[in-house]
Amino acid sequence: MAVHLPVIGGHLEGFGKTARTDGWWQGPAITFFVFSLFIVYTTWAALQGDHYYADPYLSPFYSPVLFSNAGPSVHGAAPEAMAWFGTWPSWWPSHVPVSPAILILVFPGSFRFTCYYYRKAYYRSFAGSPPGCAVGPLSKRKYRGETGLLVIQNLHRYAMYFALLFIVLLGKDAVESFFRDGHFGVGVGSLILTLNVVLIASYTFGCHSFRHLIGGRKDCMSDCGKPTVALGSFKRATWFNGRHMQFAWASLLSVMVADLYVRLVSLGVIHDFNTW
């Protein structure tokens with residue numbers, strides 16, 4: 001008599017086919033909705049080129065301001081004094097929107113797009129590759145790992161260095177948000193921008209590449225059983241790494257909320273409660 005052994009890790013053939021009876025589709029569905037909302041909003045906000053500054057608040061989508069597009073017809077733009085390279089360049093193509101965000105969003109965007117956690121999230125939610133464990137994938141093509149067209153994902157380790165730089169830049173914006181005309185004060189916007197950079201830093205410090213940079217290449221980080229700076233840093237990065245998913249989503253929402261808040265204050269839709 002033939003004996004049929006169970007296939008470990010197998011699944012039924014066909015997209016979404018599975019023997020699972022739990023709500024496996026809920027996670028990918030929520031991810032698809034939230035990630036799509038973020039992409040649509042970020043694209044829209046980046047193309048506006050106005051209402052991204054409400055003294056002393058600067059939207060994280062537009063930081064740092066390389067060129068200022070402030071002018072009589074542009075409301076809520078950062079003043080020229082804040083721009084690294086002065087006014088908007090005359091060589092800018094006329095068919096491309098004039099927006100400082102276009103010049104810098106590619107750097108934090110590439111870090112998130114190539115993030116190890118986000119790969120899992122959008123592979124499942126957008127590509128169905130597969131949509132869940134033991135669930136039939138959208139395509140029957142054999143997974144080739146980080147090869148072929150996916151080789152760009154290996155750029156994550158280099159995008160990480162830009163992400164670390166942006167923590168410093170956004171941290172500077174957060175500190176400056178407590179000062180208006182040289183006077184210290186606290187506003188709702190100050191707290192939002194500060195919380196945003198804290199969440200972004202927590203997400204970045206939990207990055208697998210950052211953890212590897214600290215101690216992934218070393219066989220031993222202790223000195224005869226004694227704690228070292230390298231070992232302590234590695235343990236802290238490991239703590240953030242264990243919560244990488246939570247910080248990834250929290251920081252994704254916080255940066256969107258921060259931009260929306262600055263935009264609404266600049267438009268006069270809401271009032272910023274502060275101590276000034």
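Overview of the structure. Since this is a predicted model, take the numbers as computed values, not measurements.

1. Digging into the overall build of the protein
In terms of regular secondary structure, the protein is built from eight helices and four strands. When the elements of the protein are put in sequence order from the N terminus, they spell out α-β-β-α-α-α-β-β-α-α-α-α. Across the 276 residues in the protein, those meeting the buried criterion constitute 42%. Within the protein, counting contacts between residues at least 6 apart in sequence, those at least 24 apart form 71% of the total. Accessible surface, the protein: about 16,000 Å² in total, of which carbon and sulfur atoms supply 68%.

2. Focus on helix H1 (residues 26-48)
Its 23 residues give H1 an end-to-end C-alpha distance of 33 Å, which sits within 8% of 33 Å, the value for a rise of 1.5 Å per residue. Those residues of H1 that sit buried are Pro28, Thr31, Val34, Phe35, Phe38, Tyr41, Thr42, Ala45 and Ala46. Buried positions along H1 lie against helix H3 (116-127) and helix H8 (244-267). Gly49 sits one or two residues past H1 and shows a positive phi near 75°.

3. Considering unusual backbone geometry
Omega for the peptide link from Asp55 to Pro56 comes to 5°, which places this bond in the cis form. By the secondary structure assignment, Pro56 is in the loop between strand E1 (53-54) and strand E2 (57-58). Cis geometry marks the peptide bond from Ser63 to Pro64, where omega comes out at 0°. Residue placement: Pro64 occurs in the loop between E2 and helix H2 (106-113). Positioned with a positive phi, His51 is a non-glycine residue whose angle comes to about 55°. As for its placement among the helices and strands, His51 is situated in the loop between H1 and E1.

4. What to know about the packing of aromatic side chains
Going through the model one piece at a time under the given rule, you end up with 25 aromatic pairs. Seen in terms of ring centroids, Tyr41 and Trp44 are 5.9 Å apart; in terms of plane orientation they differ by 45°. Their pairing is tilted. Highlighted residues: Tyr41 and Trp44, both in helix H1, separated by three residues, approximately one helical turn. Residue classification places Tyr41 among the buried residues on the basis of a relative accessible area of 13%. Look at Trp44 and you get partly exposed, because its relative accessible area is 43%.

5. Notes on the packing of H1 against H8
In the contact formed by H1 and H8, the axes pass within 11 Å of each other and the chain directions differ by 35°. Seen along the crossing, H1 lies across H8 with a hand that is left-handed. Here Thr31, Val34, Phe35, Leu37, Phe38, Tyr41, Trp44, Ala45 and Gln48 of H1 lie close against H8, whose contacting residues are Trp249, Leu252, Leu253, Val255, Met256, Asp259, Leu260 and Arg263. Broken down by class, the residue content of the contact of H1 with H8 amounts to 13 nonpolar, two polar and two charged.

6. Describing H3
Between its terminal C-alpha atoms H3 stretches 15 Å, which fits the 16 Å expected from 12 residues at 1.5 Å a residue. Among the residues of H3, Tyr117, Tyr118, Arg119, Ala121, Tyr122, Tyr123 and Ser125 are the ones counted as buried. Each element contacted by the buried residues of H3 is listed here: H1, H2, helix H4 (156-176), helix H5 (188-205) and H8.

7. A closer look at the nonpolar core
Counting 47 residues, the largest nonpolar core has Tyr52, Phe61, Tyr118 and Trp249 as the members making the most contacts within it. Every element with two or more residues in this core is listed here: H1, H3, H4, H5, helix H6 (208-216), helix H7 (229-241) and H8. The contacts of Tyr118, once residues within four sequence positions are left out, are Phe35, Arg112, Tyr123, Tyr203, Ala248, Trp249 and Leu252. One finds Leu193, Ala258, Tyr261 and Val265 within the second-largest nonpolar core, a separate group that totals seven residues.

Here is what the cut-offs are and how they apply
- Residues numbered from 1 in each chain as written.
- Predicted model: local features only at pLDDT ≥ 70, side-chain atom pairs only at ≥ 80, totals over all residues.
- Heavy atoms only, no water.
- Helix = DSSP H or I, 4+ residues; strand = E, 2+ residues; numbered from the N terminus.
- Buried < 20%, exposed > 50% of the residue type's maximum accessible area, 1.4 Å probe, protein only.
- Contact = heavy atoms within 4.5 Å.
- Areas by Shrake-Rupley, 256 points an atom, 1.4 Å probe, with all protein chains shown as cover.
- Expected span 1.5 Å × (residues − 1).
- Phe/Tyr/Trp six-rings, centres within 6.5 Å; stacked < 30°, edge-to-face > 60°.
- Axes fitted to C-alpha atoms, helices over the stretch in contact; angles between N-to-C directions.
- Left-handed = near helix turned anticlockwise from the far one by under 90°.
- Nonpolar A, V, L, I, M, F, W, Y, C, P; charged D, E, K, R; others polar.
- Core = buried A, V, L, I, M, F, W, Y, C linked by side-chain atoms within 4.5 Å.

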